[in-house]
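The residues making up each chain are set out below.
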Amino acid sequence: MAKLTMVQALNQALLQEMKRDNTVVVLGEDVGKDGGVFRVTEGLLNTFGEQRVMDTPLAESAIVGTAIGMAINGIKPVAEIQFSGFAYYAYPQLEAHASRIRNRSRGRFTCPLVVRAPYGGGIRALEHHSESKEAIYAHTPGLKVVIPSTPYDAKGLLISAIRDPDPVIFLEPKRVYRAIKEEVPDELYTIPIGKANIIKEGADCTVVSWGAAMKTTKEAVEEIEQEGKSIELIDLRTISPFDEEAIIESVKKTGRLVIVHEAHKMLGLGAEISAIVNEKCILSLEAPIIRVTGYDVVFPFFELENEYLPSAKRVKDGITEVLAY
Amino acid sequence: MPTKEVGRYSVTYLQILDESGIVDKELEPVLTKDQLLFLYKTMVQARKLDAKMISMQRQGRLGTFAPVKGQEASQVASAMALDQDDWMFPAFREAAAYLARGTDMKGILLYNRGSEEGNRTPQGQNNFMVAIPVASQIPHAVGCAMAMTIKKEQAACLVYFGDGATSEGDFHESLNFAGVYKAPVVFLCQNNQWAISVPRQRQTASATLAQKAIAYGFAGIQVDGNDALAVYAATKNALDKAKQGGGPTLIECITYRMEMHTTADDPSKYRSDEEVKAWEAKDPIKRFKVYLQQKNLWDERQEAKLQQDVDAEIEKAVQDAEAVPKRRVDEMFNYTFAELSPRLQEERDTARRYQIL
Ligand SMILES: Cc1ncc(C[n+]2csc(CCOP(=O)(O)OP(=O)(O)O)c2C)c(N)n1
Ligand SMILES: [Mg+2]
């Protein structure tokens, strides 16, 4: 075990899985010589050569479109989109093809690929570099959407994503990339896709979050607990298909739910989670469900990004409000 | 049946002022003394502002940005060929073109301090905003030019993008539209040899970028992008042609990105110092100064004064930009729609309670 950042953990996952399985290839802008603009693919070109680590021309639609072509023919591509804000160019390929190949061919063809992209705010980035649009992919049947929040999760989830038989959108919270280090096992390991992580059990309120918002949410939960409350904190890890059971079991126990995400409130995943809880265990609720989220505005340029992003204070106020019932 | 040739095409390369400052008298464009001095002064402004911004970024006073050093002639000389009514569509590295089009330094600095206020174009200036997603601005220039045709305006559009942008679908789709509709638009590709870490020869197997225009039915020309006179002449020519109904032109400026891709980039990972050094000899500003001196339009006394004046101008702009107070949260809501919906008003009221000062 070594203490790794999320960037290092992702890099190790790619290195080890590519060594284990020589059908895994990496492609994208600046992933080779440069090692990726965040260095997630550092060193892979030297180890595996140009055929398995491709510095592509600047064209997201072709990156994902050719990855689909490779995937249907036995290669396991891990395509990098340099920032999730540029994945829209590739969305037609994901929506029209990657997500539907199994269905349209009645299982004759499949599309096991991973599209990795850094996402989320909080690093004083340029315009179009800070959004959280996971809901777009979650709203596309046939795509899985995975979002790690820690280095340990990042390695295990990425390996699972590569081994998954279906297309996986793998969003990496770039604010976390180098912000924390934690013990990551040296060997290959997997974390199941579709299963949430109950970070801590509690009795008074369930708090659900994922990815970039997890760190602030943890801070808020710690503060509330110091005031004598007991919170059950859930990291969703996979946001599509998400772990309904974990949330419902928890809400049945606590009777209260707060959902935290960086994405816009309107039709963010919080809306879906809230609806499912209403459908499946409304009678367990003792308070309205509260969402603490980004606002329904264009992600502001960085001067105001910390006002857009849910702060620990906002999350804490949300939990306090729910606990007041 | 024997095959027959159905097409043969060529691409020309234009240079007027060579690396050492020697001008081709026959090709020398007609520019007034004021125009020549404006061109030089603006290139110097751009170079010095760039250096200042890199140092400010290193001190945490600015966000990540894309330096312009090395590309001043490609930008200033082309933007100068525009008339007031023409439109300019930049990519994300066009500080020098902005300066040439009258954008003040304070606005550029405000933008790079993370404020949308820096995107606010003064009334009467047809300069569009920075476009971060590569190539995404190209169709806008074509559409804007199509609107000029519909409105019978005597104007044209100029759109900037890089060598990397020519790989995107938006580039190809836009050139195709421009060819089909004979839109009055000039595509100005700054081939600065790199798209972050990907060198020009790995971006496309085409021998030139200019030749891509041929496939869409119009002319492409390659120019020495560090030669302000060639850039000006080619752009002016293309704009005039566009305004006379002659349709679009693609200009490939051969230039070089002398700095890192953005301040977040480390070019030592992928290119050698020798390569950068070799391009220093082709510097666009140095050779233009020699040209002005040979025309007796410039001397060292004027040079010293210009350097001083530009330093002072930059200091003033920095002070002004840094004196602008942080905006209120209302600013992130106010421009969502012409009118704020009740829901957004509610969200704004929440946000006000969490304003960080
Ligand atoms: C659609 C899109 N993909 C990727 C990026 C990230 N990115 C920013 S600039 C750049 C390279 C652009 O190269 P080029 O077009 O040659 O312009 P230059 O940076 O050299 O001025 C890349 C990959 C982006 N901004 N937009
Ligand atoms: Mg370039």
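Residues numbered from 1 in each chain as written. Chains lettered and ligands numbered in written order. Predicted model: local features only at pLDDT ≥ 70, side-chain atom pairs only at ≥ 80, totals over all residues. Heavy atoms only, no water.

1. Describing the overall build of chain B
When helices and strands are counted, chain B shows 14 helices and 8 strands. Against the globule reference of 21 Å for 357 residues, chain B gives a C-alpha radius of gyration of 21 Å, in line with a compact fold. With the C-alpha coordinates aligned to their principal axes, the bounding extent of chain B is approximately 75 × 60 × 45 Å. Taken across its 357 residues, chain B has 56% of its residues classed as buried. The long-range share in chain B, meaning contacts at least 24 apart out of those at least 6 apart in sequence, stands at 76%. Split by element, the accessible area of chain B, about 16,200 Å² in all, is 52% carbon and sulfur. Treating the 44 positive side-chain charges of chain B as one cloud and the 48 negative ones as another, the clouds have centres 1 Å apart. (Helix = DSSP H or I, 4+ residues; strand = E, 2+ residues; numbered from the N terminus. Rg over C-alpha atoms; globule rule 2.2 N^0.38 Å. Buried < 20%, exposed > 50% of the residue type's maximum accessible area, 1.4 Å probe, protein only. Contact = heavy atoms within 4.5 Å. Areas by Shrake-Rupley, 256 points an atom, 1.4 Å probe, with all protein chains shown as cover. Lys, Arg positive; Asp, Glu negative; His and termini not counted. Charge placed at Lys NZ, Arg CZ, Asp CG, Glu CD.)

2. As for the coordination of the magnesium ion (ligand 2)
Residues and elements named next belong to chain B. On the protein side, the magnesium ion (ligand 2) has Asp163 (OD), Asn192 (OD1) and Trp194 (O) as donor atoms, found 2.1 Å from it. In the primary structure, the donors to the magnesium ion (ligand 2) are separated according to the pattern D-x28-N-x1-W. With a gap of 29 residues between them, Asp163 in the loop between β3 (157–162) and α6 (169–181) and Asn192 in the loop between β4 (185–191) and β5 (194–195) connect regions that are remote in the sequence. Both residues of the pair, Asp163 and Asn192, belong to the buried class. (Donors = N, O, S within 2.8 Å, 3.2 Å for Na, K, Ca; no water.)

3. Some words on the site of ligand 1
Not every one of the 21 residues close to ligand 1 is listed here, only the nearest: Glu60 of chain A together with Arg93, Asp163, Gly164 and Asn192 of chain B. Around ligand 1, the neighbouring residues derive from chains A and B rather than from a single chain. Interatomic distance of 2.9 Å between a backbone N/O atom of Ile132 of chain B and a nitrogen atom of ligand 1. Within the contact set of ligand 1, an oxygen atom lies 3.0 Å away from a backbone nitrogen or oxygen of Ala165 of chain B. Its residues assigned to classes, the shell around ligand 1 comprises 11 nonpolar, 5 polar and 5 charged. (Near = heavy atom within 4 Å. Polar contact = N/O pair within 3.5 Å; in protein donor to acceptor, adjacent residues only side chain to side chain. Nonpolar A, V, L, I, M, F, W, Y, C, P; charged D, E, K, R; others polar.)

4. Focus on the domain arrangement of chain A
Residues and elements named next belong to chain A. The domain architecture assigned to chain A consists of domain 1 (2–184) and domain 2 (197–324). On a C-alpha basis, the centres of domain 1 and domain 2 stand 26 Å from each other. Counting residues at the interface gives 30 residues for domain 1, matched by 24 residues for domain 2. In total, domain 1 and domain 2 occlude about 2,100 Å² of area from one another, counting both sides; carbon and sulfur atoms represent 56% of this. Among the ionic pairs, Asp153 bridges to Arg237, the shortest N-O distance being 2.9 Å. Connecting domain 1 to domain 2 are 13 residue pairs in polar contact (both at pLDDT 80 or more). Along the lines of polarity and charge, the residues of the side of domain 1 that touches domain 2 split into 15 nonpolar, 7 polar and 8 charged. (Domains from an automatic or database assignment. Buried area = accessible area lost by both parts, 1.4 Å probe. Salt bridge = Lys/Arg side-chain N within 4 Å of Asp/Glu carboxyl O.)

5. A word on the confidence of the model for chain B
Averaged over chain B, the pLDDT score is 97; the fraction of residues at 70 or greater is 100%. At the level of chain-chain contacts, confidence expressed as ipTM amounts to 0.97, with global pTM at 0.98. (pLDDT = per-residue confidence, 0-100.)

6. Brief notes about unusual backbone geometry
Residues and elements named next belong to chain A. Of note, the bond from Ser240 into Pro241 is cis; its omega dihedral lies within 30 degrees of zero at -5°. Relative to the helices and strands, Pro241 resides in the loop between β12 (238–240) and α9 (244–254). A positive phi angle, near 70°, is found at Arg39, a position not held by glycine.

7. Re the interface of chain B and chain A
Contact with chain B, which involves 48 residues of that partner, is made by 39 residues of chain A. Remark: the boundary between chain B and chain A carries 5 salt bridges. In this structure, the salt-bridge partner of Arg327 of chain B is Glu303 of chain A, at a minimum N-O distance of 2.4 Å. Sorting the residues of the side of chain B that touches chain A by element identifies α4 (105–112), α7 (200–203), α13 (330–333) and α14 (342–353) of chain B as the ones contributing at least two each. Among the elements that take part in the side of chain B that touches chain A, α14 of chain B stands out by supplying 5 residues, more than any other. When the residues that make up the side of chain B that touches chain A are grouped by side-chain class, the tally is 19 nonpolar, 15 polar and 14 charged.

8. Describing the side chain of Arg314 of chain A
Residue placement: Arg314 of chain A occurs in helix α12 (residues 312–323). An unpaired buried charge is present at Arg314 of chain A: no salt bridge exists, and Glu347 of chain B, the closest side chain of opposite charge, is 7.5 Å distant. Contact partners of Arg314 of chain A, with chain neighbours within four places excluded, come to Val292, Thr293, Gly294, Tyr295, Glu307, Tyr308 and Leu309 of chain A together with Tyr354 of chain B.

9. A word on the packing of aromatic side chains
What describes a pair of aromatic rings is the distance from one ring centre to the other and the angle between the planes of the rings. Residues and elements named next belong to chain A. Scanning all chains against the criterion turns up 20 aromatic pairs over all chains. Where Phe299 meets Tyr308, the ring centres are 4.7 Å apart and the plane angle is 55°; that geometry is what we call tilted. By the burial criterion, Phe299 is buried, and Tyr308 matches it. Through pairs of rings, three or more aromatic residues link up here, namely Phe38, Phe83, Phe86 and Tyr177. (Phe/Tyr/Trp six-rings, centres within 6.5 Å; stacked < 30°, edge-to-face > 60°.)

10. Some details on helix α12 (residues 300–323) of chain B
Since the α-helix advances by 3.6 residues per turn, residues separated by three or four positions end up pointing in the same direction. Residue and element names in this part refer to chain B. The first and last C-alpha atoms of α12 sit 34 Å apart over 24 residues, in line with the 34 Å expected at 1.5 Å per residue. Taken together, the buried positions of α12 are Glu303, Leu306, Val310, Ile314, Ala317, Val318 and Ala321. Where α12 is buried, its residues contact α1 (33–58), α4 and α11 (284–294). Its side-chain oxygen at 3.1 Å from the backbone nitrogen of Arg301, Asp299 defines the N-terminal cap of α12. (Expected span 1.5 Å × (residues − 1).)

11. Focus on the pattern of salt bridges
Residues and elements named next belong to chain B. What the rule picks out here adds up to 50 salt bridges over all chains. Taking the shortest distance from any N to any O, the salt bridge between Glu117 and Arg120 comes out at 2.8 Å. Judged by its relative accessible area of 25%, Glu117 falls in the partly exposed class.

12. Thoughts on the nonpolar core
Note that soluble globular proteins tend to have their nonpolar side chains buried in a common cluster. Counting 154 residues, the largest nonpolar core has Trp210, Leu236 and Ile273 of chain A together with Leu109, Val223, Leu229 and Phe288 of chain B as its most contacted members. Considering every element that reaches this core, the biggest residue donor is α1 of chain B, with 10 residues. (Core = buried A, V, L, I, M, F, W, Y, C linked by side-chain atoms within 4.5 Å.)

13. Topic: the environment of Lys69 of chain B
Tracing the sequence through the fold places Lys69 of chain B in the loop between α1 and α2 (72–80). As a C-alpha pair, Lys69 of chain B and Lys289 of chain B span 220 residues in sequence and 16 Å in three-dimensional space.

14. Re the environment of Glu17 of chain A
All names here are of chain A. Within the secondary structure, Glu17 is located in helix α1 (residues 6–20). For the pair Glu17 and Ile162, spaced 145 residues apart in sequence, the C-alpha separation works out to 8.2 Å. The residues contacting Glu17, other than those within four sequence positions of it, are Val24, Ile159, Ile162, Arg163 and Leu188. Separated by 2.9 Å, the side chains of Glu17 and Arg163 make a polar contact.

15. Considerations on the environment of Glu227 of chain A
Within the secondary structure layout, Glu227 of chain A lies in the loop between α8 (214–226) and β11 (231–235). In this structure the side chain of Glu227 of chain A is engaged in a polar contact, spanning 3.0 Å, whose partner is the side chain of Lys316 of chain A.

16. Focus on the sheet that holds strand β7 (residues 219–224) of chain B
Residues and elements named next belong to chain B. The 6 strands are arranged β1-β7-β8-β4-β3-β2 in an open sheet whose pairing can be described as parallel. Where the open sheet ends on each side, the last strands, each with one partner, are β1 (12–14) and β2 (87–89). Across the sheet, the mean angle separating the axes of adjacent strands is 25° when strand polarity is ignored. Bridge analysis of β1 against β7 gives 3 bridges, and the strand direction is parallel. The residue of β7 that forms the bridge with Leu14 is Val223. The strands that α6 touches are β3, β4 and β8 (249–254); relative to β4, the one it contacts most, it runs at about 150°. (Pairing = 2+ DSSP bridges. Axes fitted to C-alpha atoms, helices over the stretch in contact; angles between N-to-C directions.)

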